[in-house]
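# Coordinate inspection notes
Chain residues, written in single-letter form:
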Amino acid sequence: PAAESHRGLCHGGTMCALMDDVIGWCGFCASGTCEPWSGFTVQIDTSLRAPVAVGAWLRVEATIVRREGRKVWVEASLSDPLACSDGRPRVHCEAKGLFLIKKEDTLKSGGPLSCERL
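Residues numbered from 1 in each chain as written. Predicted model: local features only at pLDDT ≥ 70, side-chain atom pairs only at ≥ 80, totals over all residues. Heavy atoms only, no water.

## Here's the deal with the overall build of the chain
Check the secondary structure of the chain and you find two helices and four strands. Out of the 118 residues belonging to the chain, those deemed buried represent 26%. Within the chain, contacts between residues separated by at least 24 positions form 59% of all contacts whose residues are at least 6 apart in sequence. (Helix = DSSP H or I, 4+ residues; strand = E, 2+ residues; numbered from the N terminus. Buried < 20%, exposed > 50% of the residue type's maximum accessible area, 1.4 Å probe, protein only. Contact = heavy atoms within 4.5 Å.)

## What to know about the pairing of strand E4 (residues 88-101)
As judged from the nine bridges shared by strand E1 (residues 39-48) and E4, these two strands associate in the antiparallel manner. Within E4, the position partnered with Gln 43 by the bridge is Leu 98. Bridge count between strand E3 (residues 71-85) and E4: eleven bridges; the pairing is antiparallel. From the neighbouring strand, Lys 71 faces E4, where its bridge partner is Leu 100. The turn linking E3 back onto E4 is made up of two residues, and Asp 86 within it adopts a positive phi angle of 60 degrees. (Pairing = 2+ DSSP bridges.)

## Things to note about helix H1 (residues 12-28)
For H1, spanning 17 residues, the distance from its first C-alpha to its last is 25 Å, which sits close to the expected 24 Å at 1.5 Å a residue. When we look at burial in H1, the residues that qualify are Gly 12, Met 15, Met 19, Val 22, Ile 23, Gly 24, Cys 26, Gly 27 and Phe 28. Packed against the buried residues of H1 are E1, strand E2 (59-68), E3 and E4. (Expected span 1.5 Å × (residues − 1).)

## Section: the nonpolar core
Of all hydrophobic cores here, the largest spans 17 residues; its most connected members are Met 19, Val 72 and Leu 78. In terms of residue count, H1 provides more of this core than any other element does, six residues in total. Excluding its chain neighbours within four sequence positions, the residues that come into contact with Val 72 are Ala 30, Ile 64, Arg 66, Arg 67, Gly 97, Leu 98, Phe 99 and Ile 101. (Core = buried A, V, L, I, M, F, W, Y, C linked by side-chain atoms within 4.5 Å.)

## Remarks on the sheet that holds E1
The strands making up a sheet associate through hydrogen bonds between their backbones, and the pairing can be parallel or antiparallel. The antiparallel open sheet is built from four strands, whose spatial order is E1-E4-E3-E2. In this open sheet, the two edge strands, each paired with only one partner strand, are E1 and E2. Direction aside, the axes of adjacent strands within the sheet are offset by 20 degrees on average. Across nine bridges, E2 lies against E3 in antiparallel orientation. Within E3, the position partnered with Glu 68 by the bridge is Lys 71. Contacts from H1 reach E1, E2, E3 and E4, with the element oriented near 140 degrees to E1. (Axes fitted to C-alpha atoms, helices over the stretch in contact; angles between N-to-C directions.)

## Section: the packing of aromatic side chains
Within the structure shown, the criterion is met by four aromatic pairs. Consider the rings of Trp 25 and Phe 28, whose centres lie 4.8 Å apart with planes at 85 degrees: the pair is edge-to-face. Here Phe 28 and Trp 25 lie together in helix H1, a separation of three residues that amounts to about one turn. (Phe/Tyr/Trp six-rings, centres within 6.5 Å; stacked < 30°, edge-to-face > 60°.)

## Topic: the environment of Leu 100
One can find Leu 100 in strand E4. The spacing of Leu 100 and Gly 39 is 61 residues in sequence and 5.4 Å in space, taken between C-alpha atoms. If we ignore the near neighbours within four places in the chain, the residues touching Leu 100 are Gly 39, Phe 40, Val 42, Arg 70 and Lys 71.

Note that every value here comes from positions in space, so none of it alone points to a role or purpose.
Structure (structure tokens):
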């Protein structure tokens, strides 16, 4: 209920925040090992497709679609596999995002970040 927007429905911002988190965690795993806080989600485009009932059980999926140096592109979706139409799960939202891996010197030092070190 704390995530409600309209009565009984999750706020769209909750779905956007979830997509941001999923894209970030995929970026953390882009090296093949999960390295939390090894970078940042720097761009995200989220499309809200269908409302989500508070308390619904849903599936989150994400895929790393491309990587160039420190840049990692991720696509993600939030769907209900039980609410199928035409054999496809009902998609509640989709997102495309860009994750930027920290520079190596920042990872090694573990120190505070400044704009010059990103």
